[in-house]
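Okay, here's what each chain looks like letter by letter:
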Number of protein chains: 2
Amino acid sequence: MLKITRKVEYALIALSQMQMKEDESLTSVKEISQQNDIPYELLAKTMQLLARAEIVEAVKGPHGGYRLKKDPTEIKMTTFFEIIEGPMGFMDCYFDSNCDQIHSCSIRTPIQRINDSIRDMFNNISLNDITRSV
Amino acid sequence: MLKITRKVEYALIALSQMQMKEDESLTSVKEISQQNDIPYELLAKTMQLLARAEIVEAVKGPHGGYRLKKDPTEIKMTTFFEIIEGPMGFMDCYFDSNCDQIHSCSIRTPIQRINDSIRDMFNNISLNDITRSV
DNA sequence: ACTATACCCGACAAATTTAGTCTTAATTAA
DNA sequence: TTAATTAAGACTAAATTTGTCGGGTATAGT
Ligand code: FES
Ligand code: FES
């Protein structure tokens, strides 16, 4: 119930490796997947999500690959998670508000508070906090 | 990836309702499941978990049911979650430590930190913080 | 003693979500 | 032109969550 998914894990590993390299240098999916024994296709799709969100920049063709586009210091983990997995909520009732019991529900408010706390927490952790080498 | 499960949700609703009643009074699974439109069998199994963990006390026979056994103020949410769902970790590698990459893994330490933050957070929220009426 | 009502427990099945695969583009360096 | 790379989406497989079933045990009321 509080577990990171593979896609997030793979993305973090990838970005972490990219950050260890020189600024403008490119890293290919093949490289990362081989070095870390990550399924190529899955990592590829995940990198595409990051590219669409402009976290990384893609360069096609031979010797192509990805490089960082945004400063990881400026990216909140909340944002990062949602890029990869979509909206993040501790309970369903906040997104699909077609919950019948929404008026009578006794735990809605306190769960909402927890939800906010979790978001606060991840708003205050940057991508760089996880992917930096030091 | 950060979502409460039904079993936890149902347990919280149940405990919340029980807390609204008089101290020694009993509440049956049937009662809770009907009033909140929760699948009877699933709620029953969930209550059994709480009974085994001595969060609640079961009384068998006609007019039986459950009553609170421990003070909800004294129960950490971490404990509560783990009673219902088993060990809670942000990444698998902490429990089944048969991860090949555990030595070379670049994100292990930072993820560990997040894991600790989450646990800290839920160690500082009591069951009562969620189930109290006021 | 019998019966109805409650909790107990584990095995099963269905539904949902996550993980992984495959196929077909589009781009570009050499 | 060819090989290497990203892009995108459909598809399958595995894992997890959710819900069901069938048989127990205990006990209050009669
Ligand atoms: S069950 Fe939907 S708001 Fe509580
Ligand atoms: S992948 Fe297992 S410790 Fe990082």
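Only a predicted model underlies this, so the values are computations on that prediction, with no experimental measurement involved.

### Here's the deal with the overall build of chain A
Argument step 1. Regarding its fold elements, chain A presents six helices and two strands.
Argument step 2. In chain A, the succession of helices and strands from N to C terminus is α-α-α-β-β-α-α-α.
Argument step 3. With respect to the principal axes defined by its C-alpha atoms, chain A has extents near 60 × 30 × 25 Å.
Argument step 4. For chain A, the residues scored as buried account for 43% of the 134 residues in total.
Argument step 5. Pairs at least 24 apart in sequence give 63% of the contacts found in chain A among residues at least 6 apart.
Argument step 6. Within chain A, the 19 negative side-chain charges are centred at a point lying 3 Å from the centre of the 16 positive side-chain charges.

### A few points about the interface of chain B and chain A
Accessible area lost during the coming together of the parts is what is often quoted as the interface size.
Argument step 1. Taken together, the contact pairs 36 residues of chain B with 36 residues of chain A.
Argument step 2. Summed over both partners, the interface of chain B with chain A buries about 3300 Å², with 67% contributed by carbon and sulfur atoms.
Argument step 3. Considering only the side of chain B, the residues that lose the most area to chain A are Met1, Leu2 and Ile107 of chain B, jointly responsible for 21% of the buried surface there.
Argument step 4. Viewed at the interface, chain A and chain B are joined by zero salt bridges.
Argument step 5. Our enumeration of links across chain B and chain A arrives at six residue pairs in polar contact (both at pLDDT 80 or more).
Argument step 6. Those elements that provide at least two residues to the side of chain B that touches chain A are α1 (6-20), α4 (77-85), α5 (108-123) and α6 (127-131) of chain B.

### Thoughts on the relation of the copies chain B and chain A
Argument step 1. Of the transformation placing chain B onto chain A, the axial shift is 0.0 Å and the rotation is 180 degrees, giving an RMSD of 0.1 Å. Both copies are brought into coincidence by an operation consistent with a two-fold rotation axis. Ranked by how close their C-alpha atoms come to the rotation axis, the residues of chain B are headed by Leu2 of chain B, at 2.4 Å.
Argument step 2. The fraction of interface residues of chain B whose copies in chain A are also interface residues reaches 100%, indicating that both copies meet through the same surface.

### Focus on the protein's contact with DNA strand D
Argument step 1. The full set close to DNA strand D counts 26 residues, and Tyr40 and Tyr66 of chain A together with Thr5, Leu42 and Pro62 of chain B are the nearest of them.
Argument step 2. Within 4 Å of the protein, the contacting atoms of DNA strand D are 65% sugar and phosphate, with bases supplying the remainder.
Argument step 3. The backbone of Arg6 of chain B places a nitrogen or oxygen atom 3.1 Å from a phosphate oxygen of DNA strand D.
Argument step 4. Listing elements by their share of the surface near DNA strand D, those giving two or more residues are α2 (29-36), α3 (40-52), β1 (56-59) and β2 (65-68) of chain A together with α1 and α3 (40-52) of chain B.
Argument step 5. In terms of residues, the surface near DNA strand D owes the most to one element, α3 of chain A, which gives four residues.
Argument step 6. Among the residues making up the surface near DNA strand D, the classes are represented as 10 nonpolar, eight polar and eight charged.

### Quick word on the protein's contact with DNA strand C
Argument step 1. Lining the immediate surroundings of DNA strand C are 24 residues, of which Arg6, Tyr10, Leu42 and Pro62 of chain A together with Tyr66 of chain B lie closest.
Argument step 2. When the atoms of DNA strand C within 4 Å of the protein are grouped by moiety, sugar and phosphate amount to 64% of the total.
Argument step 3. Here a base nitrogen of DNA strand C sits 3.4 Å away from a polar atom, N or O, in the side chain of Glu41 of chain A.
Argument step 4. Breaking the surface near DNA strand C down by element, the ones donating at least two residues are α1 (6-20) and α3 of chain A together with α2 (29-36), α3, β1 (56-59) and β2 (65-68) of chain B.

### Observations regarding the environment of Met88 of chain A
Argument step 1. Mapped onto the elements, Met88 of chain A comes out in the loop between α4 (77-85) and α5 (108-123).
Argument step 2. Along the sequence, Met88 of chain A and Ala44 of chain A sit 44 residues apart, while their C-alpha atoms lie 23 Å from each other.

### Observations regarding the nonpolar core
Argument step 1. Within the largest apolar cluster, 76 residues are counted, with the highest numbers of intra-cluster contacts made by Leu12, Phe80 and Phe122 of chain A together with Leu12, Phe80 and Phe122 of chain B.
Argument step 2. What Leu12 of chain A contacts, discounting residues up to four positions off in sequence, is Ile4, Met77, Phe80, Leu127, Ile130 and Thr131 of chain A together with Ile107 and Ile111 of chain B.

About the criteria used
- Residues numbered from 1 in each chain as written.
- Chains lettered and ligands numbered in written order.
- Predicted model: local features only at pLDDT ≥ 70, side-chain atom pairs only at ≥ 80, totals over all residues.
- Heavy atoms only, no water.
- Helix = DSSP H or I, 4+ residues; strand = E, 2+ residues; numbered from the N terminus.
- Buried < 20%, exposed > 50% of the residue type's maximum accessible area, 1.4 Å probe, protein only.
- Contact = heavy atoms within 4.5 Å.
- Lys, Arg positive; Asp, Glu negative; His and termini not counted.
- Charge placed at Lys NZ, Arg CZ, Asp CG, Glu CD.
- Buried area = accessible area lost by both parts, 1.4 Å probe.
- Salt bridge = Lys/Arg side-chain N within 4 Å of Asp/Glu carboxyl O.
- Polar contact = N/O pair within 3.5 Å; in protein donor to acceptor, adjacent residues only side chain to side chain.
- Least-squares fit on C-alpha atoms with pLDDT ≥ 70 in both.
- Near = heavy atom within 4 Å.
- Nonpolar A, V, L, I, M, F, W, Y, C, P; charged D, E, K, R; others polar.
- Core = buried A, V, L, I, M, F, W, Y, C linked by side-chain atoms within 4.5 Å.

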